[in-house]
Each structure stands twice: as C-alpha cells, then as structure tokens.
Amino acid sequence: MTRTGRLRERLRWSKLYSFSCIRPSVLLDNEAPHSLQGPGYSRVVYCNQPRVHRQKPFKYPTNYISTTKYNAITFLPKAIFEQFRRVANLYFLLAAILSLTPVTPFYAMSMIAPLAFVVGLSMAKEALEDWRRFMQDMEVNFRKVSIHKGEGRFGYKHWQKIRVGDVVKVDKDQFFPADLLLLSSSYEDGICYVETMNLDGETNLKVKRSLEVTLPLDDDEAFNDFRAVIRCEDPNPSLYTFVGNFEYERQVYPLDPSQILLRDSKLRNTRYVYGVVIFTGHDSKIMQNATKSPSKRSRIEKKMDKIIYILFTLLVLISLVSSIGFAAKTKFGMPKWWYLQPQNTTDLYDPSRPMLSGIFHLVTALILYGYLIPISLYVSIEVVKVLQAMFINQDLHMYDEETGIPAQARTSNLNEELGQVDTILSDKTGTLTCNQMDFLKCSIAGISYGLGSSEVEMAAAKQMASEASIAPEQHSSGQDFWEDNRGGFGTSEIELESRINCAIKKPRKPRIRDFNFEDDRLMLGNWTKEPTAGTILLFFRILTLCHTAIPEPNMETGGFTYEAESPDEGAFLVAAREFGFEFCKRTQSSVFVRERDSSSENAIEREFKILNLLEFNSKRKRMSVIVQDESGQINLLCKGADSIVFERLSKHGRMYENDTSKHLNEYGEAGLRTLALAYRVLEESEYSAWNAEFIKVKTTMGPDREAQLERVADMIERDLILVGATAVEDKLQKGVPECIDKLAQAGLKIWVLTGDKMETAINVGFACSLLRQGMKQICISTINCDLVTQDAKKAAKENIFMQITKSAQMIKLEKDRHAAFALIIDGKTLSYALEDDLKNQFLSLAVDCASVICCRVSPKQKALVTRLVKEGTGKTTLAIGDGANDVGMIQEADIGVGISGLEGMQAVMASDFSIAQFRFLERLLVVHGHWCYKRIAQMICYFFYKNIAFGLTLFYFETYTGFSGQSVYDDWYMLLFNVILTSLPVISLGVFEQDVSSEVCLQFPALYQQGPKNLFFDWYRILGWMGNGLYSSLIIFFLNVNIFYDQAFHAGGQTADMAVVGTAMFTCIIWTVNMQIALTMSHFTWIQHLFVWGSIATWYAFLVVYGKSSPLISGNAYQILLEALGPAPVYWVATLIVTASCSIPYLAHISYQRALNPLDHHVIQEIKYYKKDLEDQQMWKRERSKARQETKIGFTARVDAKIRQLKGKLQKKSSTLSIQMVS
C-alpha cells in the first residue's frame, strides 16, 4: 500500500485536541525518559524481530488463548477431583472400595457400577460444556490477520501464531488480535478511531494516534528495515494506563495509552493501521481482566447439603445401633450357636473379641444402609436443569424478532433460583431505555420549541385517559376527577393529552432516525421569521460545529451518515441537517457546512476554521470549539451540563437563564436528556495570548499536564452568553412499564441503579411507574461544606445519618397504610451511605420504601449496593444490565441477567442468563422461575422420600435377623433401583411438571410468591416427606413379613424363602414410589405416563429376563416371577394392599389441604378443571384481581391510588349532601 492509499482529508487532529490526542516530541538531552527499572517494568520488545522473544530470557507466550477448564491431559484428574468434592460421591467411593473387602454385604459390582455411571455422566456433561468453550476459543484463535513476513511483504496468519514483536496490518472493521503499539494509519496524521465496546461497554469511538517519528511507516515496503525497541510495563489488567518508552533511531520517545490498541477492540472509520505487538494471548489486557465468574449455588442446593448431612447422621446412627447389636449377639449368642462353630470363626465373628467384630460390622452397616443417600440425586438434578435450560432457550415468547436473539440460560445451576427472587437491581440506560437518542425539543432564546411528546408524556396521557374512564362509573360528574388537583394531574395534563390526540390524528411524516422533532416554526427555513432569528442561527451553528464527528457519504441516500463519539452527538447533527445546516466535510483545519437559505432552494457551503477543540470528558462535563468564520470573527462555542454552563455565564449573558431553566425542568420531567448551549466572541489579541499559553502547556510533558490543560481551558470558557438548550429522548424499551407492573404484582422489589443525573432518573421512574403522583419522595443528598476535608466528611456523614433517621421515623409514623415512599439518592451521598457505620440504617430505610433509585453511581457502587442488599436482607437478588459497567453487580448478585443490547457483550458474558429485552424478564421469572423452583423442590423431596422408604427396609430386615448384615434384596435389584427403575419418572417430574399453565402464571402473578416464601422446600415439607418415607418403609416391611411369614405360599404348602420375600417387598417399593410420584404430578403428558408406568413394567420385564438367565447369574432368583411369584395370588394381593396402605397418608393430607386450606394453585386448578373460567367470567376476573400482591409501584398501583382518591371524593360529597338535607 503506497501513500496514495491514504485518505485525501489530511486531518492532523493532534493540533486540535487538547487532552487525549497530544503528540509528544522527542525527549531532549536534559530530559529523562520514564524510569523503567525494577519490578513491574521488565518487558522488552524488539520490533519486527519476533524470533528473539521465543528464547530465554524472554519466552513470551504465544497469542493462543484458552478459556477452557480442562485440557486433554488435565481432564481426567481435575474432573474426577471435582466429582469427589461432593460429600455424597466421596462416601460412595469409599463404599465402593470397601466393597472389595470381605466386610461388604454386596457384590463389588453392585456398588461400583452405579457410582461409575453417575460420575461418568457428570464428567461427560463437564466435557461437553468445556468442548463448547474450546470451540469458541478455536473460532477466535483461527481468525486471520495480515503480518509482516519479511522484506516488506505481508501475508495472512492465524491469530494464534502471532508473536510479540510482529508487525501487523489491521483493516477497517477488524478486531485487533493482540495489544499493539500504533505505528501509522491511513490518515496522514496517524490517528485512528477505535470502538472499545467489548472492553468497557461504551459505544462512542475513541481516538488513538501514533508517534510523529513512525508516520513514514505508511506502506508495506517501509517495514523492510524497520527496527526499534520498546521497554514498558509488565502485563497487567489496567485498561486505561500504559507506561513505556520507544527507542528508535537513537532517540527515546515516551509512550502513553493513546498509542495503544487493545485486543478485542475494533478499528472504525479508518481504512487500515500498522502496529507492533506488545502483549499476546493471556498477557493482553483483556485476558488479564478475564476473571473467573464467582461460583454461585442456589439456596435449594445449599439446603440440600444440610439434608444430606441429616441423612448421613441417620445412617451413622442406625449403623452404630446395628454394630452394637451385632457385637452383643456375637458375645452372648455366638457361643450357644454350636452349628456356627464359634471356635473356628474369623475376626468378623469372634465371640472372644466382640468389640472388634462390632467395628467390622459398623463398616458393613455403613455400606448396607448407604441407599439412604441417593447416589443418583446429583446427576438427576443436573440432567433436569440442563433440560430446563433448553426449554428456556427455546421459548419463542422470549425470542426477539428484531434482533433475532433468543433467551439463553448460560448456566443451568441457578434455574430454581429464578423462582425465589426478592429484589431486582436494574441498570437504566440500555436496560430500561434503548440507548437510542431522538432530538425531540429545544429551547432557544427563552422560547421552547418542539410539539412532539416523549414516551413519558404519552404514558402519562394514556394513564390519565384510562383513569378518567373510571370516573363516570364512580360519580355522575367526570369533572370532579380533575378539580383541585393542580399539584398532580391538572390543566396541563389535559392540554397535553389533547395535544397528543391531535398529533395522532395528523398525517404522520416519514420517520427519520434520531429526529422526532415537530414544530413548523423552525422547519423549512421558517426560523428566519422568528424575532430571535440571530440567536436561532447561533444555536444551529453550535449543533453543527461543536463535535468531533466525521461525515461518511451515503451512496444510497446521497446524503451523509455521521460517525460520532456518542449517540447524542449524532442526534444533534441529524437535527441540524433537518433544520437546514448540513455538516458535509471536515479537513485538517476546517469544517464545511451547507446552509440552506430560506429565500432559495440552493444551499450555501460555508467554511469554518477550527482553531482549537476542548473535548468532553466526565470531569469537565462540557465541550468547546474555537472557530473562525468567513468574516474573520473568532467564536468559542460550548455545550455541556446546564449546571456547568450556567456557572460560566457572564452577567449580560443570562438574559434567557430563567426561561431556559424552566424549560430544562420541564424537559427533565418529560424524561429527556438535556444540554445547555452557549457561546462567546473572542478578540483576536485575547485569543492569541490564550493560545500561546495553551500551546505551551499542551507541548510539555509531566505529571500535572492534565491539570494544567484543564486550568488553561477553564480560563477561556468564561463569560459565556446563553443561547438555549437541547432535549433528546432516550426511549423506553418496548413493554418496560407493563413488565415492571407485572413484577410488582408478583411481589418483587425493584431498585434502579444508574449513572444518569437525578432528574432524568426520576422522570424515567415516572415513565416506568416506579414512581407516581402522590408518592412521597425521600431525597437523600450531601451538604455543601467549606470546612477542611476531615471535618467536611464528618459533617456530611452526620447530616446523611440525620436525613436517614428522620425519613425512617416519618415512614414509621405514617398512619395511612396506602402511603408509598420512594428513596432517591445520588452517588456522592451513596459513597457515605455504604460505609460500615451507615449502611445498615440506609438498607433499613430502603427496604421500607416502595421503590429505590440510585443516581450518578459508579460501576463499583452498583456492585456494593447489590452486595449490601444480598447480604443485608439474606434474600435472593437479581441484577440486570447491558453494559460493561454492569458486570460488577451482575456477578455480585445471586442471579445475573445480561441484556444483549447496544453496549457490547461484556454483561452477557458475565451473566447467568441473557435476554434481548427487559420485558422478557417477566416471563423468565414469573413463568420459568415459578416452574423450575417448584419442579426442583418437589423432585428433591421425592428423592429423599423414595430412598428413605427403600433404605430403611434394609435396617428393619437386619434387625429382624439378628443384625446379621444380610441384605433381603438381590444385588441386581439394588443396583437398578436408583439408576433405572426410579430415575426416569423423577426426571420427568423435574422437566415437565406444571401446577398451572404459563398463561395462568402471567394472569395470577401472586403465584410467584410461593418461591420467595419457600413453600415447597421449607423444613415442614421436607420433614413431612421424610416422615412419609419412614411410614412407607414400615408398612412395606412389616406387612410383607407378616403376610409371607407363616402361611403357605405355594400350592404344595411351602412357605416363602428370603428371595421370595425380598422380591415381593421390592415389588411393593417400586409400585409405592411410582404411585406416589403419579399422585404428586399435576400435569401429565404421554412422556410422564410412559416413564411412570413404564418403570413398573420394566421391573416385571427385568424379573422375567433375569429369572430366565442361568442360575449362575440369577442365583436364588431363578424363574422367580414365572414359577414362584406369578402363580401365587398372595403376591398380587400383598402388592395391592401394601401400595394402597402406603398412599393413604398423602391422599389424606392432600384431600384435607384442598378442602380446608387450599393453596392458590389448588383453587386455580379446580376452576380450570370445572371450566368456571369460561362459564363465569366475573368470578374469574374477581379471582384474578385477588391473585396479585398488594404493591405500591407499577401502573396497577397508580390506578388503585386514583380509585381510592375518587372514592374519598365521593364519600366527602355524600357526607356534605347528607348534612345539607338534614339542615
């Protein structure tokens, strides 16, 4: 590529930018480079010599990355270690080892096979998940980029083959493959535009620039003899810092972050760049930031561990009883049993050493009763959760058609946690709003322009229309609804609604992206007829000139698209174009604007020289450009936050301040984002003196350079004259108010954590119905104090404590049970409120409020607030956001939900679940959360029930047979019990069970509260299921033993042997546990029928096949069904009697509960079963109105408040009429 390939616009931004784009000159002899000695500064990079770094002492890593948990070598040891970290698996491993010794009551295979199956299945799942991560890594590693191969030739290589020191060429819209030092670009000035969305979530473009000395390296051939050395900091995770020196042609140049291109950021608006690789692979800054997600476990899983410990305790207890009983029998009974030859026994049965025999028997008992611990519980839960996650992923109701993005369960470990959420902590921009800016209104010279309505105003009008329709039903005169309500909904609201209705009736113009302005006074050149046309002209020119955007020709439309650093800036340029001021070209020193003259159709192209550009940053909160027009006049044009601009106005520049402030407040109330615009005319002598100082500071290097630049900029940004203000709308996402209303009815608390200013956050709160008229707002803020630092901090904390105390007291003394409070706090105040001595009081106040909005908060504060709520309340928290600034709170919360929005994939990558729109959260929680919680809870309870019912029969039999250690069941029966005969029904329960349909879940949101209240997994229910298992085990054992004990079993008069009794008991267990799960299920599909009844059929089929096998295999079970049990009526009668007897307690309990103390879903099930929802619509509506939590936020709460207000007025009027009639 030769120099002719460079862009024809010779933009030398370094002469314009004040802060980020300064090109330092070479260090002079009397200056020293940054000292790069000692720990943390040992990296040396030989440019264009990648082979040097493969040898000692360098040995820098390759660019290959791996985010997998395992590799081919470590998979087996690490995966096995992970499996045996679980206490239950460790127990079964020990039992399997002991089964190889003489003390075991079973064949070794019956213990090893289930363990191998369960562990193998879990390891296979781990391998599959890790394989997916591996394939994602390979997709990245096999991307291609152009690399210098020598002699000025470039060729493509895979990313993974890049080495430190390589020179790479990256083309437009490609990702940077490693951390690079920018050498040159397609712009002659060596600048390039970078999108860092994947790093920090910001959509605005960043400007990077190369060193002056490397600008000649502008084509492939220039790198033939290129050699240089970089000495810099070691790999570290800091994205915004870099310290290093560049040694080239015997000179040393300092490096800073503005020359560094980070891996996974994207090249934009620049045809190509050349760069040299500094950090590769896991040394790159993004990989240094790639921390492992915190390990999250659901509350049910943690509780399940406690139940396992209880069962372990029970196991040890009955094993001790068994071993003591065996020792006693051995000591006192063995000498009398001459037929056992006690004089020739081993240590296992030694009457002279009963203690030793008891210890050996303890081991036997621990193995024998091991079926109390469900070996297949963990693997069954994992299978169920994976299938549940698949259903979430495939739910078409959570599929966004616009973007084609479905919901995704990124982890299946927290499915049931979705049904137990108490508090939602949400970001605002990009989560509740779209992060798409529309220019909607403006204020110029104290006059407000723009007749369009924001979504907040539309929502208010819609709500009032809905509420007003209630009035005729409550009172004969609808006028009373509005009277004496100036503080709430008054005349302005009625005017607003009528204006909106009129606007709807007008023919709609074609929609223009980023522009939703409607006002003929400014359109089509009509602004020239306004009395303040001169000020309006200035306003339009500020919009057109005060920015850093670049116009890109649009071949389709013939116009321009703008690559801007922020969405607001793009909206301003589109608005200026629609007003007749089209930004069309930028050169190194000028901006060209086509201005349409109202007197003619032709546009006049004007040139404005850009003398200086003082860019926006979060500290300055303003941006200014100094321009010279065609007449030679020098103007400073400024836009920024109103609070910052207003304090810089001159005395004679405040003419429109009061009116503009009023308009700004109105725009804020309408949920709009605002900026103030001002200007200043500069004398040439004044500008020259200031520019000399500016250039002097700009070209010096030092630690205080930034502060000095800000000081010099502040000198010129004074004595401004106010022009007006802009108002752009960050639109609400579709369905947000409805979703919040439904979540509120489900009893969820919602907090909003945003970086926006308080006014904007409050207005969005009104739009979302988190706030409403009549709700008492508690605003906690810091005082301005002129004391010294420590005293100021102490005074501020005391003041905040006093505000919190007074607010808490006010809530406590409030007598109106319908009164609602909203807590609003800013980031500065929050920094004090989150300190140890205040955080508990702050949390207590926040919990008592209906809604909480935290404004101007940093990403770290979001995470700290989330941690405070999670740890302080002890309840499940869910954090939802869409940007990199939300990653902290997403990882801190019990459940993190990422939105696949416009701010990159950082939030999604850190999340547990991802959705495309906030509105899908309603279905994710109210439907899938409710189902998953109930399914997992019932599944675990049933697992413990069936294992207790089965395991305790072994203990009873051993006790019955003198603590002999003998098992009543064949080894194959025990092997198949958990793995085959009872596994599929319980999996079908966990995957397909529905107490009510998804439609009913959404119609009756209060059903969700069964999860946060933990109705289906509290200790009462767990112990109830355990008690049911204990009862079933007693019935199964003693009924069978008594039925088969002393009566003839065969026609020949023979009694039953142990094999017959064991098989009959096992048949009763299979029938009982499968009947129990059938009674538990509320929703049957053919799959449940197949699994439940198929499991019973499988048992009989197994008996036939096993019985027909060789006696060497089947042993005492040879032909046991066909010849022994099948022909005996007592076998079938016993099965029927035992199964029916075991089902009695559950049937009695459920009958009592449904008849006398029904749960919400019981009532709904009966209504649906008898089709009352179709036959009696009034009753169905009445039940629906009951089935929502009493809430003080959401649209429903606003309607309820209005109804209470109307009833109060009616009651007051009725009392007045009664008094008048009496008098």
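The numbers attached to residues start from 1 for each chain and follow its sequence in the written order. Restriction of local features to residues with pLDDT of at least 70 applies here, the model being predicted, together with a cutoff of 80 or more for giving and counting side-chain atom pairs; totals for whole chains, interfaces and linings are based on all residues. For the side-chain quantities, the full set of heavy atoms in the structure was used; hydrogens and water were omitted.

The name an unreviewed UniProt entry assigns to the protein chain is Phospholipid-transporting ATPase, from the organism Cocos nucifera. UniProt positions are given in the numbering used here, feature names are shortened, and annotations may be inferred rather than shown by experiment. Under the Sequence similarities (unreviewed entry) heading, UniProt states for the protein chain: "Belongs to the cation transport ATPase (P-type) (TC 3.A.3) family. Type IV subfamily."

Participant: Would you take a moment to explain the overall build of the protein chain for this structure?
Facilitator: The helix and strand labels rest on DSSP assignments: H or I over at least four residues marks a helix, E over at least two residues marks a strand, and numbering proceeds from the N terminus. Counting its regular elements, the protein chain contains 39 helices and 33 strands. To sort residues, take the accessible area from a 1.4 Å probe on protein chains only and compare it with the maximum for the residue type: under 20% means buried, over 50% means exposed, and anything in between is partly exposed. Burial statistics for the protein chain: of 1223 residues in total, 55% are counted as buried. Method for areas: the Shrake-Rupley scheme with a 1.4 Å probe, in which residue coverage is limited to the protein chains shown. As displayed, the protein chain offers around 54,400 Å² of accessible surface, 56% of which is attributable to carbon and sulfur atoms.

Participant: Can you help me understand the pattern of salt bridges in this one?
Facilitator: Opposite charge on two side chains permits pairing when their charged atoms draw close. Salt bridge, as applied in this entry: a Lys or Arg side-chain nitrogen positioned within 4 Å of an Asp or Glu carboxyl oxygen. Taken as a whole and judged by the stated rule, the model has 39 salt bridges. Residues Glu595 and Arg541 are paired through a salt bridge, measuring 3.0 Å at the closest nitrogen-oxygen approach. Pair noted here: Glu595 is in strand 21 (residues 590-596) and Arg541 is in helix 12 (residues 533-545), with a separation of 54 residues, a long-range link. For Glu595, a relative accessible area of 7% puts it in the buried group. What emerges from the salt-bridge pattern is a single network uniting Arg622, Glu647, Arg648, Asp714, Glu717 and Arg718.

Participant: Looking at this structure, I do not really get the confidence of the model for the protein chain. What am I missing?
Facilitator: As a note on interpretation, predicted positions should not be read in detail where pLDDT is low. The predictor attaches a confidence to each residue, called pLDDT, with possible values from 0 through 100. Here the protein chain averages 81 in pLDDT, while 84% of its residues score no lower than 70. Two residues form a contact once any of their heavy atoms are found within 4.5 Å. When the criterion is pLDDT under 50, residues 470-507 qualifies, and its contacts beyond four places in sequence or with other chains add up to 51 contacts.

Participant: What is the right way to look at the sheet that holds strand 4 (residues 167-171) in this model?
Facilitator: To summarise the sheet geometry, strands pair through backbone hydrogen bonds and adopt either a parallel or an antiparallel arrangement. Pairing between two strands requires that DSSP report at least two bridges joining them. Read across the open sheet, the 6 strands follow the order 3-2-4-13-5-11; overall the sheet is antiparallel. Strands with a single pairing partner mark the edges of an open sheet, and in this sheet they are strand 3 (153-158) and strand 11 (260-261). In the sheet, strand 5 (residues 179-185) pairs with strand 11 via 2 bridges, with the strands oriented antiparallel. Across the sheet, the residue bridging to Leu181 is Ile260, located in strand 11.

Participant: Could you clarify how one ought to interpret the side chain of Arg622 in this entry?
Facilitator: Positionally, Arg622 belongs in strand 23 (residues 622-628). Engagement of the side chain of Arg622 in a polar contact is seen with the side chain of Glu717, the distance being 2.7 Å. Counting of polar contacts relies on pairs of N or O atoms within 3.5 Å, with two restrictions inside protein: one atom must be capable of donating a hydrogen and the other of accepting it, and residues adjacent in sequence are counted only when both atoms are side-chain atoms.

Participant: Would you mind showing me how to read the packing of helix 31 (residues 1058-1080) against helix 35 (residues 1129-1156) here?
Facilitator: Between two packed helices, both the angle of their axes relative to each other and the distance between the axes serve to describe the pair. Relative to each other, helix 31 and helix 35 sit at 35°, their axes nearing to 9 Å. The element helix 31 and its partner helix 35 pack so that their crossing is right-handed. Contacts from Ala1064, Thr1067, Cys1068, Trp1071, Thr1072, Met1075, Gln1076, Leu1079 and Thr1080 in helix 31 reach Tyr1131, Ala1134, Thr1135, Val1138, Thr1139, Cys1142, Ser1143, Tyr1146 and Leu1147 in helix 35. Three classes are used, and their members are as follows: Ala, Val, Leu, Ile, Met, Phe, Trp, Tyr, Cys and Pro are nonpolar, Asp, Glu, Lys and Arg are charged, and the others, Gly among them, are polar. A class-by-class count of the residues in the contact of helix 31 with helix 35 yields 11 nonpolar, 7 polar and no charged. Axis lines are fitted to C-alpha atoms, over the contacting stretch for helices. Their N-to-C directions set the angle, which ranges from 0 to 180 degrees. Crossings are assigned a handedness: left-handed for a near helix turned anticlockwise from the far helix by less than a right angle, right-handed for a clockwise turn.

Participant: Looking at this structure, I do not really get the environment of Cys739. What am I missing?
Facilitator: Among the structural elements, Cys739 can be located in helix 18 (residues 736-745). As for Cys739 and Arg919, which are separated by 180 residues in sequence, their C-alpha atoms are 5.3 Å apart. Residues contacting Cys739, with those up to four places away along its chain left out, are Phe918, Arg919, Leu921 and Glu922.

Participant: In this structure, what is going on with the nonpolar core? I would like to understand it.
Facilitator: General note: in soluble globular proteins, nonpolar side chains tend to be found buried as a group. For our purposes a nonpolar core is just a set of buried Ala, Val, Leu, Ile, Met, Phe, Trp, Tyr and Cys residues, chained together by side-chain atoms within 4.5 Å. Formed by 110 residues in total, the largest nonpolar core has its most connected members in Ile940, Tyr969, Tyr973, Phe1017, Phe1066 and Trp1099. It is helix 26 (residues 920-960) that provides the largest number of residues to this core, a total of 17 residues. Core analysis: the next-biggest nonpolar cluster, separate from the first, contains 71 residues, Phe515, Met523, Leu636 and Cys638 among them.

Participant: What exactly am I supposed to notice about unusual backbone geometry here?
Facilitator: It is generally the case that most residues other than glycine have a negative phi and that most peptide bonds are trans. Here Asp173, not a glycine, exhibits a phi torsion of approximately 70°, which is positive. Tracing the backbone shows Asp173 in the loop between strand 4 and strand 5. By relative accessible area, which is 42% here, Asp173 ends up partly exposed.

Participant: What is the right way to look at the sheet that holds strand 1 (residues 43-47) in this model?
Facilitator: Overall, antiparallel pairing links the 4 strands, which are arranged 1-8-9-10 in an open sheet. Taken across any chain shown, the strands that pair with only one partner, and hence form the sheet edges, are strand 1 and strand 10 (251-255). The average angle at which neighbouring strand axes cross in this sheet is 20°, direction not considered. Inspection of the sheet shows strand 8 (residues 228-232) paired to strand 9 (residues 244-248) by 4 bridges, in the antiparallel sense. Bridged to Arg231 within strand 9 is Asn245.

Participant: Which parts of the structure should I look at to understand the side chain of Lys797?
Facilitator: One can find Lys797 in helix 20 (residues 789-813). Setting aside residues no more than four positions away along its own chain, Lys797 makes contact with Tyr832, Glu835, Asp837 and Leu838.

Participant: Could you clarify how one ought to interpret helix 7 (residues 354-368) in this entry?
Facilitator: Count 3.6 residues to each turn of an α-helix, and residues three or four apart come out pointing the same way. Any helix carries an expected span of 1.5 Å times its number of residues minus one. Helix length check: helix 7, at 15 residues, gives a terminal C-alpha distance of 20 Å against a target of 21 Å (1.5 Å per residue), a fit within 8%. Along helix 7, the residues classified as buried are Pro354, Ser357, Gly358, His361, Thr364, Ala365, Ile367 and Leu368.

Participant: Which parts of the structure should I look at to understand the state of the cysteines?
Facilitator: A pair of cysteine sulfur atoms is labelled a disulfide when the two atoms are within 2.5 Å. Taken as a whole and judged by the stated rule, the model has 0 disulfides. No disulfide involves Cys854; its sulfur sits 7.3 Å from the nearest other cysteine sulfur, which is in Cys855.

Participant: Can you walk me through the environment of Ser122 in this structure?
Facilitator: When you line up the elements, Ser122 lands in helix 3 (residues 108-141). With 257 residues separating them along the chain, Ser122 and Val379 place their C-alpha atoms 6.2 Å apart.

Participant: What's the story with the pairing of strand 30 (residues 851-855) in this structure? I'm lost.
Facilitator: Along any regular strand the residues' side chains alternate between the sheet's two faces. The buried count for strand 30 comes to 5 of 5 residues, which makes it a mostly enclosed element. Side chains Ser851, Ile853 and Cys855 project from strand 30 onto one buried face, and the interleaved Val852 and Cys854 project onto a second face that is buried too. Examined bridge by bridge, strand 27 (residues 749-753) and strand 30 share 3 bridges and lie parallel to one another. Following the sheet pairing, Trp751 is matched in strand 30 by Val852. Note: strand 29 (residues 821-826) against strand 30, 5 bridges, orientation parallel. Directly across from Ala822, in strand 30, lies its bridge partner Ser851.

Participant: Looking at this structure, how should I read helix 23 (residues 859-873)?
Facilitator: Along its 15 residues, helix 23 runs 21 Å from first to last C-alpha, staying within 8% of the 21 Å computed at 1.5 Å per residue. Within helix 23, burial applies to Gln861, Lys862, Ala863, Val865, Thr866, Leu868 and Val869. Buried positions along helix 23 lie against strand 15 (421-426), strand 27, helix 21 (827-833), helix 22 (839-848), strand 31 (876-881) and helix 24 (887-892). One or two positions beyond helix 23, positive phi appears at Gly874, with a value near 70°.

Participant: Where do I start with a positive patch on the surface in this structure?
Facilitator: The residues that make up patches have over 30% relative accessible area and no salt bridge, and they are joined within 9 Å when like-charged or within 5 Å when they are Val, Leu, Ile, Met, Phe, Trp or Tyr. For the purpose of counting charges, residues Lys and Arg are taken to be positive, whereas Asp and Glu are taken to be negative. His and the chain ends are not included. To locate a charge, take NZ of a lysine, CZ of an arginine, CG of an aspartate or CD of a glutamate. A cluster of basic side chains, namely Arg51, Arg54, Lys149, Arg153, Lys157 and Lys161, defines a positive patch on the protein surface. Along the chain, the position of Lys157 falls in strand 3. On the accessibility criterion, Lys157 (31% relative accessible area) is partly exposed.

Participant: Just to check I follow, could you spell out the pairing of strand 20 (residues 581-586) for this structure?
Facilitator: Across the 6 residues that make up strand 20, a large majority, 5, are buried. Relative to strand 21, strand 20 is paired through 5 bridges, and the arrangement is antiparallel. When the bridges of strand 21 are listed, Phe581 appears paired with Glu595.

Participant: Honestly, the packing of helix 31 against helix 32 (residues 1086-1108) in this entry has me stumped. Any pointers?
Facilitator: At a minimum axis separation of 9 Å, helix 31 and helix 32 run at an interaxial angle of 165°. Between helix 31 and helix 32, the crossing angle belongs to the class labelled roughly antiparallel. As for the relative orientation of helix 31 and helix 32, their crossing is right-handed in sense. The residues of helix 32 that touch helix 31, namely those facing Thr1063, Phe1066, Thr1067, Ile1070, Trp1071, Asn1074, Met1075, Ile1077 and Ala1078, are Val1092, Trp1093, Ser1095, Ile1096, Trp1099, Tyr1100 and Leu1103. A class-by-class count of the residues in the contact of helix 31 with helix 32 yields 12 nonpolar, 4 polar and no charged. To sort the angles, those under 35 degrees are grouped as roughly parallel, those over 145 as roughly antiparallel, those from 65 to 115 as roughly perpendicular, and the leftovers as oblique.

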